[in-house]
Amino acid sequence: MKTTIAIPNYKGRKLLEQNLPSIVYAGADEVLINDDFSEDGSVQYIKDNFPQVKLLLSDKNKGFIASVNKLFDQAEGDVVVLLNNDVLVEKDFLKPLLVHFKDEDVFAVNCHEKEEGYSEAFWKDGFFEYKRGQEQKNVHKSSWASGGSAAYNKKIWQSLGGFDKLFHPFYWEDVDLSYRAIKAGYNILWEPRARVKHQHETTIKKFFKQRYIRWIQQRNQLLFIWKNISDKKLLLEHKLALIKRLCSMGLGY
(Lines give C-alpha, C1' and ligand atoms only; values in the text may rest on other atoms or scores of the structure.)
Protein backbone atom coordinates (compact mmCIF):
# COMPACT_ATOMS: atom_id res chain seq x y z
CA MET A 1 0.00 0.00 0.00
CA LYS A 2 1.60 3.23 -1.19
CA THR A 3 1.16 6.48 0.74
CA THR A 4 1.17 10.12 -0.37
CA ILE A 5 1.20 13.14 1.91
CA ALA A 6 -0.55 15.94 -0.01
CA ILE A 7 -0.34 19.62 0.94
CA PRO A 8 -2.14 22.56 -0.66
CA ASN A 9 -0.09 25.75 -0.29
CA TYR A 10 -0.83 29.42 -0.87
CA LYS A 11 1.63 32.04 0.34
CA GLY A 12 2.68 29.75 3.15
CA ARG A 13 6.46 29.91 3.06
CA LYS A 14 6.81 30.66 6.79
CA LEU A 15 4.45 27.80 7.64
CA LEU A 16 6.36 25.45 5.36
CA GLU A 17 9.61 26.41 7.06
CA GLN A 18 8.07 25.43 10.41
CA ASN A 19 6.20 22.29 9.40
CA LEU A 20 7.55 20.75 6.21
CA PRO A 21 10.71 19.17 7.72
CA SER A 22 8.62 16.99 10.04
CA ILE A 23 6.36 15.98 7.14
CA VAL A 24 9.11 15.14 4.65
CA TYR A 25 10.73 12.70 7.08
CA ALA A 26 7.48 11.12 8.30
CA GLY A 27 7.97 8.06 6.09
CA ALA A 28 5.47 8.52 3.25
CA ASP A 29 6.32 7.14 -0.19
CA GLU A 30 5.57 10.52 -1.74
CA VAL A 31 5.23 14.11 -0.55
CA LEU A 32 3.20 16.18 -2.99
CA ILE A 33 2.59 19.93 -2.76
CA ASN A 34 0.37 22.03 -4.99
CA ASP A 35 1.38 25.68 -4.89
CA ASP A 36 -1.68 27.76 -5.74
CA PHE A 37 0.16 30.66 -7.41
CA SER A 38 2.02 31.96 -4.35
CA GLU A 39 4.16 35.07 -4.60
CA ASP A 40 6.09 34.75 -1.35
CA GLY A 41 8.96 32.51 -2.37
CA SER A 42 7.24 29.27 -1.36
CA VAL A 43 8.16 27.48 -4.58
CA GLN A 44 11.83 28.43 -4.45
CA TYR A 45 12.03 27.46 -0.78
CA ILE A 46 10.71 23.97 -1.57
CA LYS A 47 13.02 23.56 -4.56
CA ASP A 48 16.09 24.70 -2.64
CA ASN A 49 15.52 22.71 0.53
CA PHE A 50 13.40 19.68 -0.35
CA PRO A 51 14.15 18.48 -3.88
CA GLN A 52 12.52 15.13 -2.99
CA VAL A 53 9.13 16.84 -2.77
CA LYS A 54 7.02 16.56 -5.91
CA LEU A 55 5.80 20.06 -6.73
CA LEU A 56 2.69 21.00 -8.71
CA LEU A 57 2.08 24.59 -9.81
CA SER A 58 -1.19 26.40 -10.51
CA ASP A 59 -1.11 28.95 -13.35
CA LYS A 60 -3.40 31.20 -11.27
CA ASN A 61 -4.92 31.13 -7.80
CA LYS A 62 -7.80 28.64 -7.93
CA GLY A 63 -8.59 28.17 -4.26
CA PHE A 64 -8.40 25.39 -1.71
CA ILE A 65 -10.95 22.99 -3.19
CA ALA A 66 -9.47 23.01 -6.69
CA SER A 67 -5.97 22.66 -5.24
CA VAL A 68 -6.92 19.62 -3.15
CA ASN A 69 -8.76 17.89 -5.99
CA LYS A 70 -5.71 18.40 -8.18
CA LEU A 71 -3.48 16.83 -5.52
CA PHE A 72 -5.68 13.73 -5.38
CA ASP A 73 -5.69 13.46 -9.18
CA GLN A 74 -1.88 13.49 -9.23
CA ALA A 75 -1.13 11.50 -6.07
CA GLU A 76 0.44 8.08 -6.63
CA GLY A 77 -0.54 6.74 -3.21
CA ASP A 78 -3.38 4.34 -2.49
CA VAL A 79 -3.81 6.32 0.72
CA VAL A 80 -3.54 10.11 0.58
CA VAL A 81 -2.87 12.01 3.81
CA LEU A 82 -4.21 15.51 3.32
CA LEU A 83 -2.49 18.12 5.50
CA ASN A 84 -2.81 21.88 5.59
CA ASN A 85 0.47 23.76 5.47
CA ASP A 86 -0.15 24.85 9.08
CA VAL A 87 0.05 21.29 10.43
CA LEU A 88 3.07 20.00 12.33
CA VAL A 89 3.20 16.20 12.58
CA GLU A 90 4.69 14.12 15.35
CA LYS A 91 7.12 11.29 14.67
CA ASP A 92 5.43 8.02 13.68
CA PHE A 93 2.02 9.68 13.20
CA LEU A 94 1.63 7.84 9.89
CA LYS A 95 1.69 4.18 10.97
CA PRO A 96 -1.46 4.25 13.14
CA LEU A 97 -3.41 5.84 10.27
CA LEU A 98 -2.42 3.31 7.65
CA VAL A 99 -3.35 0.16 9.56
CA HIS A 100 -7.05 1.02 9.27
CA PHE A 101 -7.02 0.95 5.47
CA LYS A 102 -6.72 -2.82 5.49
CA ASP A 103 -10.50 -2.57 5.86
CA GLU A 104 -11.88 -1.69 2.42
CA ASP A 105 -14.91 -0.01 4.00
CA VAL A 106 -12.78 2.68 5.66
CA PHE A 107 -12.92 5.90 3.67
CA ALA A 108 -10.91 8.16 5.96
CA VAL A 109 -9.07 8.35 9.28
CA ASN A 110 -8.69 11.62 11.17
CA CYS A 111 -5.46 12.59 12.85
CA HIS A 112 -5.49 13.48 16.54
CA GLU A 113 -5.21 17.25 16.66
CA LYS A 114 -4.04 18.52 20.04
CA GLU A 115 -6.90 18.94 22.54
CA GLU A 116 -9.50 17.72 20.03
CA GLY A 117 -11.19 14.35 19.62
CA TYR A 118 -13.47 12.62 17.13
CA SER A 119 -16.12 14.68 15.33
CA GLU A 120 -19.85 14.65 15.89
CA ALA A 121 -22.65 15.77 13.59
CA PHE A 122 -26.27 16.36 14.53
CA TRP A 123 -29.51 18.07 13.55
CA LYS A 124 -30.42 20.95 15.89
CA ASP A 125 -33.17 23.56 15.64
CA GLY A 126 -33.60 23.06 11.91
CA PHE A 127 -29.91 23.11 11.00
CA PHE A 128 -27.19 20.51 10.44
CA GLU A 129 -24.34 21.19 12.87
CA TYR A 130 -20.98 19.62 13.69
CA LYS A 131 -18.40 19.84 16.45
CA ARG A 132 -15.32 18.13 17.85
CA GLY A 133 -15.84 15.53 20.56
CA GLN A 134 -13.66 14.84 23.57
CA GLU A 135 -10.19 13.32 23.36
CA GLN A 136 -10.09 9.60 24.08
CA LYS A 137 -7.52 6.82 24.30
CA ASN A 138 -9.26 4.53 21.81
CA VAL A 139 -10.11 4.64 18.12
CA HIS A 140 -13.57 6.09 17.60
CA LYS A 141 -15.99 6.46 14.71
CA SER A 142 -16.17 10.02 13.42
CA SER A 143 -18.90 11.95 11.62
CA TRP A 144 -16.55 13.67 9.21
CA ALA A 145 -12.97 13.68 8.02
CA SER A 146 -11.11 16.95 8.36
CA GLY A 147 -9.79 18.50 5.16
CA GLY A 148 -6.83 19.75 7.19
CA SER A 149 -5.45 16.57 8.75
CA ALA A 150 -6.82 13.20 7.67
CA ALA A 151 -5.90 10.17 5.56
CA TYR A 152 -8.18 9.06 2.72
CA ASN A 153 -8.66 6.00 0.55
CA LYS A 154 -7.93 7.54 -2.86
CA LYS A 155 -10.07 5.06 -4.78
CA ILE A 156 -13.15 5.88 -2.70
CA TRP A 157 -12.36 9.62 -2.86
CA GLN A 158 -12.37 9.47 -6.65
CA SER A 159 -15.56 7.39 -6.77
CA LEU A 160 -17.29 10.10 -4.71
CA GLY A 161 -15.96 12.89 -6.92
CA GLY A 162 -13.78 14.60 -4.31
CA PHE A 163 -14.58 18.03 -2.89
CA ASP A 164 -17.58 19.72 -4.49
CA LYS A 165 -16.72 23.09 -6.07
CA LEU A 166 -20.12 24.32 -4.90
CA PHE A 167 -18.44 25.13 -1.57
CA HIS A 168 -15.68 27.33 -3.07
CA PRO A 169 -13.58 28.90 -1.63
CA PHE A 170 -13.62 26.95 1.69
CA TYR A 171 -15.65 25.42 4.54
CA TRP A 172 -18.16 22.55 4.57
CA GLU A 173 -16.54 20.81 1.58
CA ASP A 174 -15.08 18.14 3.88
CA VAL A 175 -18.34 17.76 5.81
CA ASP A 176 -20.19 17.31 2.52
CA LEU A 177 -17.78 14.67 1.23
CA SER A 178 -17.85 12.83 4.55
CA TYR A 179 -21.65 12.86 4.63
CA ARG A 180 -21.77 11.38 1.13
CA ALA A 181 -19.20 8.72 2.07
CA ILE A 182 -21.11 7.61 5.17
CA LYS A 183 -24.37 7.63 3.20
CA ALA A 184 -22.68 5.32 0.66
CA GLY A 185 -21.82 2.86 3.46
CA TYR A 186 -18.21 3.77 4.23
CA ASN A 187 -16.66 4.41 7.65
CA ILE A 188 -14.70 7.36 9.01
CA LEU A 189 -12.49 6.95 12.06
CA TRP A 190 -10.48 9.04 14.51
CA GLU A 191 -7.06 7.69 15.50
CA PRO A 192 -5.71 8.97 18.85
CA ARG A 193 -2.12 7.81 18.18
CA ALA A 194 -1.76 9.88 14.99
CA ARG A 195 -0.83 13.09 16.75
CA VAL A 196 -0.47 16.43 14.95
CA LYS A 197 -0.57 20.09 15.90
CA HIS A 198 -2.86 22.19 13.73
CA GLN A 199 -2.82 26.00 13.79
CA HIS A 200 -6.40 26.39 12.57
CA GLU A 201 -7.32 29.04 9.96
CA THR A 202 -3.79 30.45 9.81
CA THR A 203 -4.02 31.07 6.06
CA ILE A 204 -7.72 31.97 5.88
CA LYS A 205 -7.54 34.64 8.59
CA LYS A 206 -4.44 36.10 6.97
CA PHE A 207 -6.09 36.75 3.62
CA PHE A 208 -9.81 37.17 4.39
CA LYS A 209 -11.72 39.46 6.74
CA GLN A 210 -13.60 37.84 9.62
CA ARG A 211 -16.95 39.11 8.36
CA TYR A 212 -16.39 37.44 4.97
CA ILE A 213 -15.28 34.18 6.61
CA ARG A 214 -18.42 34.11 8.75
CA TRP A 215 -20.58 34.83 5.69
CA ILE A 216 -18.99 31.95 3.77
CA GLN A 217 -19.51 29.61 6.73
CA GLN A 218 -23.19 30.44 6.93
CA ARG A 219 -23.74 30.31 3.17
CA ASN A 220 -22.05 26.92 2.81
CA GLN A 221 -24.00 25.49 5.73
CA LEU A 222 -27.18 26.37 3.84
CA LEU A 223 -25.83 24.94 0.59
CA PHE A 224 -24.93 21.71 2.37
CA ILE A 225 -28.43 21.34 3.81
CA TRP A 226 -30.17 22.16 0.53
CA LYS A 227 -27.96 19.73 -1.36
CA ASN A 228 -28.02 16.75 0.99
CA ILE A 229 -31.04 16.74 3.30
CA SER A 230 -33.99 15.00 1.65
CA ASP A 231 -36.14 14.00 4.63
CA LYS A 232 -39.40 15.98 4.30
CA LYS A 233 -39.84 16.43 8.05
CA LEU A 234 -36.32 17.79 8.48
CA LEU A 235 -36.70 20.09 5.47
CA LEU A 236 -39.91 21.55 6.86
CA GLU A 237 -38.18 22.06 10.21
CA HIS A 238 -35.31 23.76 8.40
CA LYS A 239 -37.60 26.10 6.43
CA LEU A 240 -39.36 27.24 9.58
CA ALA A 241 -36.05 27.73 11.37
CA LEU A 242 -34.65 29.67 8.43
CA ILE A 243 -37.63 32.04 8.39
CA LYS A 244 -37.24 32.55 12.12
CA ARG A 245 -33.52 33.24 11.77
CA LEU A 246 -34.05 35.69 8.91
CA CYS A 247 -36.65 37.60 10.93
CA SER A 248 -34.45 37.75 14.00
CA MET A 249 -31.13 38.49 12.30
CA GLY A 250 -32.32 40.59 9.37
CA LEU A 251 -31.57 40.29 5.66
CA GLY A 252 -27.84 40.45 6.39
CA TYR A 253 -28.00 36.77 7.26
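Residues numbered from 1 in each chain as written. Predicted model: local features only at pLDDT ≥ 70, side-chain atom pairs only at ≥ 80, totals over all residues. Heavy atoms only, no water.

**Observations regarding the overall build of the protein**
No. 1: The number of helices and strands found in the protein is nine helices and 11 strands.
No. 2: Its C-alpha atoms give the protein a radius of gyration of 18 Å, within 12% of the compact-globule value 18 Å for 253 residues.
No. 3: Per-residue burial over the protein gives 51% buried out of 253 residues.
No. 4: For the protein, the share of sequence-separated contacts (at least 6 apart) that also reach a separation of at least 24 residues comes to 74%. (Helix = DSSP H or I, 4+ residues; strand = E, 2+ residues; numbered from the N terminus. Rg over C-alpha atoms; globule rule 2.2 N^0.38 Å. Buried < 20%, exposed > 50% of the residue type's maximum accessible area, 1.4 Å probe, protein only. Contact = heavy atoms within 4.5 Å.)

**Description of the pairing of strand β3 (residues 54-57)**
No. 1: Note: strand β2 (residues 30-35) against β3, four bridges, orientation parallel. Within the sheet, the bridge partner assigned to Asp35 lies in β3 and is Leu57.
No. 2: Considered for its hand, the β-α-β crossover made up of β2, helix α2 (residues 42-49) and β3 is right-handed. (Pairing = 2+ DSSP bridges. Right-handed = clockwise from strand over helix to strand, strands pointing away.)

**Section: the pattern of salt bridges**
No. 1: In this structure the tally under the stated criterion is 11 salt bridges.
No. 2: Salt-bridge contacts for Asp59 lead to Lys62; the nearest nitrogen and oxygen are separated by 3.5 Å.
No. 3: Judged by its relative accessible area of 39%, Lys62 is partly exposed.
No. 4: A salt bridge links Asp164 to Lys227; the shortest N-O distance between them is 2.7 Å. In this pair, Asp164 is assigned in the loop between α5 (154-160) and α6 (173-183) and Lys227 in helix α8 (residues 210-228), connecting sequence segments 63 residues apart.
No. 5: A cluster of three or more residues bridged by salt bridges with shared partners is formed by Lys2, Glu30, Lys54 and Glu76. (Salt bridge = Lys/Arg side-chain N within 4 Å of Asp/Glu carboxyl O.)

**Some words on the pairing of strand β1 (residues 3-9)**
No. 1: Judged by how many residues are buried, β1 sits mostly within the fold: seven of seven residues are covered.
No. 2: Residue alternation in β1 divides its side chains into two sets, Thr3, Ile5, Ile7 and Asn9 and Thr4, Ala6 and Pro8, and both sets are buried.
No. 3: In this structure, β1 lies alongside strand β4 (residues 79-83), joined through four bridges in parallel fashion. Bridge pairing links Thr3 to Val79 in β4.
No. 4: Pairing analysis gives six bridges linking β1 to β2, with the strands arranged parallel. The residue of β2 that forms the bridge with Thr4 is Glu30.
No. 5: Between the parallel pair β1 and β2, the chain is carried across by helix α1 (residues 13-24), and the sense of this crossover is right-handed.

**Quick word on the nonpolar core**
No. 1: Counting 41 residues, the largest nonpolar core has Phe107, Tyr152, Trp157 and Phe163 as its most contacted members.
No. 2: Every residue in contact with Tyr152, bar those within four places of it in the chain, is listed here: Phe72, Asp78, Val79, Val80, Leu82, Phe101, Phe107, Ala108, Ala145, Ser146, Gly147 and Trp157.
No. 3: Of all hydrophobic cores here, the second largest spans 31 residues; its members include Val31, Ile46, Leu97 and Ala151. (Core = buried A, V, L, I, M, F, W, Y, C linked by side-chain atoms within 4.5 Å.)

**Considerations on the packing of α1 against α2**
No. 1: Between α1 and α2, the least distance of the axes is 9 Å, while the angle of their chain directions is 30 degrees. Considering the angle they form, α1 stands roughly parallel to α2. α1 and α2 meet at a crossing whose hand is right-handed. In contact with Arg13, Leu16, Glu17 and Leu20 of α1, α2 contributes Ser42, Tyr45 and Ile46. (Axes fitted to C-alpha atoms, helices over the stretch in contact; angles between N-to-C directions. Parallel < 35°, antiparallel > 145°, perpendicular 65-115°, else oblique. Left-handed = near helix turned anticlockwise from the far one by under 90°.)

**So, α2**
Structural remark: α-helix, 3.6 residues per turn; residues separated by three or four positions point the same way.
No. 1: Every buried residue of α2 is listed here: Ser42, Val43, Tyr45 and Ile46. Buried positions in α2, seen along its axis, are confined to an arc of 165 degrees and lie on one side of it. (Arc of directions from axis to C-beta.)

**A look at unusual backbone geometry**
No. 1: The linkage connecting His168 with the following residue, Pro169, adopts the cis geometry, with an omega of 5 degrees.
No. 2: Within the element layout of this structure, Pro169 appears in the loop between α5 and α6.
No. 3: Unlike most non-glycine residues, Glu115 shows phi in positive territory, near 70 degrees.

**What about α1?**
No. 1: Listed as buried for α1 are Leu15, Leu16, Asn19, Leu20, Ile23 and Val24. Viewed along the axis of α1, the buried residues span an arc of 135 degrees, placing them on a single side of the element.

**Brief notes about the packing of α6 against α8**
No. 1: Contact pair α6 / α8: the axes reach a minimum separation of 10 Å and the direction vectors enclose 20 degrees. In this view, α6 runs roughly parallel relative to α8, as classed from their interaxial angle. Considering the relative orientation of α6 and α8, their crossing is right-handed. Contacts between α6 and α8 involve Val175, Asp176, Tyr179, Arg180 and Lys183 from the first element and Phe224, Lys227 and Asn228 from the second.
No. 2: Partitioning the contact of α6 with α8 into residue classes produces three nonpolar, one polar and four charged. (Nonpolar A, V, L, I, M, F, W, Y, C, P; charged D, E, K, R; others polar.)

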